[in-house]
Amino acid sequence: MRTREGGRIVDDAAVIARVRAGDQEAYAELVRAHTGLALRAAAALGAGADAEDVVQQAFVKAYCGLGRFKEGSAFKPWFMSIVANETRNTVRTAARQRTLTGREAAFAEAEPLIPESADPAVAAVEIERRAALGSALEKLSEEHRLVVTYRYLLEMDESETAQALGWPRGTVKSRLNRALRKLGRLLPDFEPREGGDERE
């Protein structure tokens, strides 16, 4: 499995093999390659201001769990399941309830920045679209929010989504269909961006 890190491609399997062989510095390559995606996942799933702490803890747990990581498996869905679990734990044990405004702000901050060269009108529409999507996601059940987040916001294909969530592919399909119907009612202009290619 290859992951884009900045302008170059990182071969996750090769990096993991180097880590297992004792090259501890190699793990930093995985961290750099997956941090942005992990922050978006944690923010979208409710970590709010704790997103960075959640991701840091997830990387520590993933590093400690590499001995149990199945060789030949994709790292991204395995790691994203750790991020989701850490986020759930953080949200459950938080002393205060996250507000919708705080969640939307954290989600917007974790999104890639809109280029300064962008047309101001286009940038304003994009910011409004993200805020509306964040509000609509908040109204979905946890299962529906998870499947939409993994499939579209994190651009995972169906197989990766199923692996990350520990669900059969049929469950991913049915829950995604129901979630998209609900989003369609909440956001009439919602058009999901396809994730990776489907792999049978």
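Now for a quick tour of the structure.

Criteria and thresholds
Residues numbered from 1 in each chain as written. Predicted model: local features only at pLDDT ≥ 70, side-chain atom pairs only at ≥ 80, totals over all residues. Heavy atoms only, no water. Core = buried A, V, L, I, M, F, W, Y, C linked by side-chain atoms within 4.5 Å. Buried < 20%, exposed > 50% of the residue type's maximum accessible area, 1.4 Å probe, protein only. Helix = DSSP H or I, 4+ residues; strand = E, 2+ residues; numbered from the N terminus. Contact = heavy atoms within 4.5 Å. Salt bridge = Lys/Arg side-chain N within 4 Å of Asp/Glu carboxyl O.

**A few points about the nonpolar core**
At step 1: Leu 66, Phe 75, Phe 79, Met 80, Val 147, Val 148 and Tyr 150 are the most contacted members of the largest nonpolar core, which totals 51 residues.
At step 2: Looking at this core, the elements that each hand over two or more residues are helix H1 (12-20), helix H2 (27-44), helix H3 (51-64), helix H4 (75-93), helix H6 (120-138), helix H7 (142-153), helix H8 (158-165) and helix H9 (169-186).
At step 3: Looking at this core, the element that brings in the most residues is H2, giving eight residues.
At step 4: Leave out the neighbours within four places in its chain, and Leu 66 touches Ile 16, Val 19, Arg 20, Tyr 27, Phe 75 and Trp 78.

**Focus on the pattern of salt bridges**
Opposite charge on two side chains allows them to pair when their charged atoms are near.
At step 1: Applying the stated criterion to the full structure yields eight salt bridges.
At step 2: Note that Arg 18 is salt-bridged to Asp 23, the shortest N-O span being 3.3 Å.
At step 3: Here Glu 29 and Arg 18 are joined by a salt bridge, their closest N and O atoms 3.0 Å apart. Of this pair, Glu 29 sits in helix H2 while Arg 18 sits in helix H1; the two residues are 11 residues apart in sequence, bridging distant segments of the chain.
At step 4: What makes Arg 18 partly exposed here is its relative accessible area of 34%.
At step 5: Put simply, Arg 18, Asp 23 and Glu 29 are held in one network by salt bridges that share partners.

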